[in-house]
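The residues making up each chain are set out below.
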Amino acid sequence: MQRRRLLQTGLGSVLLSAWGRAEEPPNEKTAPKIPATLQKHPLLTIFEYRGGDPKSPTGASVLYLDGTRKPCPDCESGRIGPYNWGKAEIEILAHKATYYPDLIQGLYVVLVNQKVLDDMAEAKITGFIAHKAKIWRVSGPISKTPPPVYYLLEITGKFELDRKLYDEFEGKLCPTCHSWKPGGKYTWGDKVELPVLDTWNGGDWSKNNVGAATPYCSRRVVELARVKKWTGFRILATTYGLPVPDLTKDDWDAELTASVEKKFPLSK
């Protein structure tokens, strides 16, 4: 009963920014139009971002310097404290790349170029703070060409997962650093990861409360990426066992929608 009540909640006509301020809906001429019915299902509203361009596979390694992060006092396995985003140094891993894509995914981080940043500004995409990236090295053949200006996204949007479906509250989730440890019959590996839209602050870029590391994006970001033809942009459903969307197709969400409606139907 609780799951059904939570799943029926949509975002509504007013968005909340990453900082909790109420904002007017984005300009209809620049923002992707999302059918209201699709915004009511969490698996068709929030997606896991995955970088990687088949034509130019690229990754990134980020080193945060002079940060103030320290071991979590509650669980001693995670770390807390702010990153020093301004002093982050980045290595672009491009051993098989042939060009620099618009977006690059590192270990739980997202890099975007100026084109993507401008596109997001025009569409009023929320949930992030952009920090100009310091590229200290490029590994691979494209290193002969200077990289474009990239920005490291500090993701500020957030939402919670349905813990009843994730681990029935048997796992150990640290309330301070959000690190998760196995418990009961639940261990590492695939689990049902269903966003609870009641807890989403509306940020188009966001992270969840379990691990708080994987980057997620809203449907608005997906549609914008398709319209603007961003390279290095792919998505997965937030939970396992669902089709991988092919964003090159006009009906990219058709198979996913059918599977979601079958496996995770909303109550009528």
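Reference entry: report on the structure contained in this document. What you see is a predicted model, and the numbers here were worked out from it, not measured in a lab.

Further remarks concern the pattern of salt bridges. One pass over the full model with this rule turns up twelve salt bridges. Notably, a salt bridge pairs Glu89 with Lys134, separated by 3.2 Å at the nearest N-O pair. Residue Glu89 is found in strand β7 (residues 89-93), and its partner Lys134 is found in strand β11 (residues 134-139); the two are separated by 45 residues along the sequence. Linking Asp167 and Arg163 is a salt bridge whose minimum nitrogen-to-oxygen distance equals 2.9 Å. Note on accessibility: Asp167 and Arg163 belong to one class, buried.

Aromatic ring pairs are described here by two measures, namely the spacing of the ring centres and the angle between the planes. According to the stated counting rule, one finds eight aromatic pairs in the structure shown. Ring geometry for Tyr49 and Phe233: centres 5.6 Å apart, planes at 40 degrees, overall tilted. Placement of the pair is Tyr49 in strand β3 (residues 46-50) and Phe233 in the loop between α5 (219-228) and β20 (234-236), with a sequence separation of 184 residues. Like Phe233, Tyr49 is buried. Connected via pairs of aromatic rings, a cluster forms that spans Tyr49, Trp205, Trp230 and Phe233. Taking the ring centre of Trp180 as reference, the NZ or CZ of Lys191 above it sits at 4.4 Å.

Further remarks concern the nonpolar core. By size, the foremost hydrophobic cluster in this structure holds 34 residues, and its most contacted members are Leu103, Met120, Trp205, Trp230 and Phe233. Every element with two or more residues in this core is listed here: β3, β9 (110-113), α3 (114-123), β12 (150-155), α5 and α6 (254-263). Leaving out residues up to four positions away in the same chain, Leu103 has contacts with Tyr49, Val110, Leu111, Val112, Val116, Trp205, Trp230, Thr231, Gly232 and Phe233. Ala88, Val109, Val138 and Ile142 belong to the second-largest nonpolar core, a separate cluster that totals 16 residues.

What follows concerns the side chain of His131. For His131, the position within the fold is in strand β10 (residues 128-132). Judged by its relative accessible area of 18%, His131 falls in the buried class. There is a polar contact of 2.7 Å between the side chain of His131 and the side chain of Glu154. Contacts of His131, omitting those with residues within four sequence positions, involve Trp85, Tyr150, Tyr151, Leu152 and Glu154.

With that out of the way, let us pick up α6. For α6, the set of buried residues is Leu256, Thr257, Ser259 and Val260. One face of α6 carries all of its buried residues, which in axial projection span an arc of 165 degrees. Away from its buried face by more than 90 degrees, α6 exposes Glu255, Glu261 and Lys262.

This brings us to the sheet that holds β20. What the five strands build is an open sheet, ordered β13-β18-β19-β3-β20; its pairing is mixed. The open sheet is flanked by β13 (157-158) and β20, the only strands paired with a single partner. One ladder, built from three bridges, connects β3 with strand β19 (residues 216-218); its direction is antiparallel. In the strand pairing of β19, Glu48 is matched with Tyr216. Of the strands in this sheet, β3, β18 (205-207), β19 and β20 touch α5, which is tilted by about 80 degrees from β19.

The sheet built from seven strands is open, its strands ordered β10-β12-β9-β8-β4-β7-β11 with mixed pairing. One side of each edge strand has no neighbouring strand; the edge strands of this open sheet are β10 and β11. Between one strand axis and the next, the sheet turns through 35 degrees on average, direction left out of account. Along the sheet, α3 makes contact with β8 (103-106), β9, β10 and β12, crossing β9 at roughly 90 degrees.

Parameters at a glance
- Residues numbered from 1 in each chain as written.
- Predicted model: local features only at pLDDT ≥ 70, side-chain atom pairs only at ≥ 80, totals over all residues.
- Heavy atoms only, no water.
- Salt bridge = Lys/Arg side-chain N within 4 Å of Asp/Glu carboxyl O.
- Helix = DSSP H or I, 4+ residues; strand = E, 2+ residues; numbered from the N terminus.
- Buried < 20%, exposed > 50% of the residue type's maximum accessible area, 1.4 Å probe, protein only.
- Phe/Tyr/Trp six-rings, centres within 6.5 Å; stacked < 30°, edge-to-face > 60°.
- Lys NZ or Arg CZ within 6 Å of the ring centre and 35° of its normal.
- Core = buried A, V, L, I, M, F, W, Y, C linked by side-chain atoms within 4.5 Å.
- Contact = heavy atoms within 4.5 Å.
- Polar contact = N/O pair within 3.5 Å; in protein donor to acceptor, adjacent residues only side chain to side chain.
- Arc of directions from axis to C-beta.
- Pairing = 2+ DSSP bridges.
- Axes fitted to C-alpha atoms, helices over the stretch in contact; angles between N-to-C directions.

These figures come from the coordinates and say nothing about function on their own.
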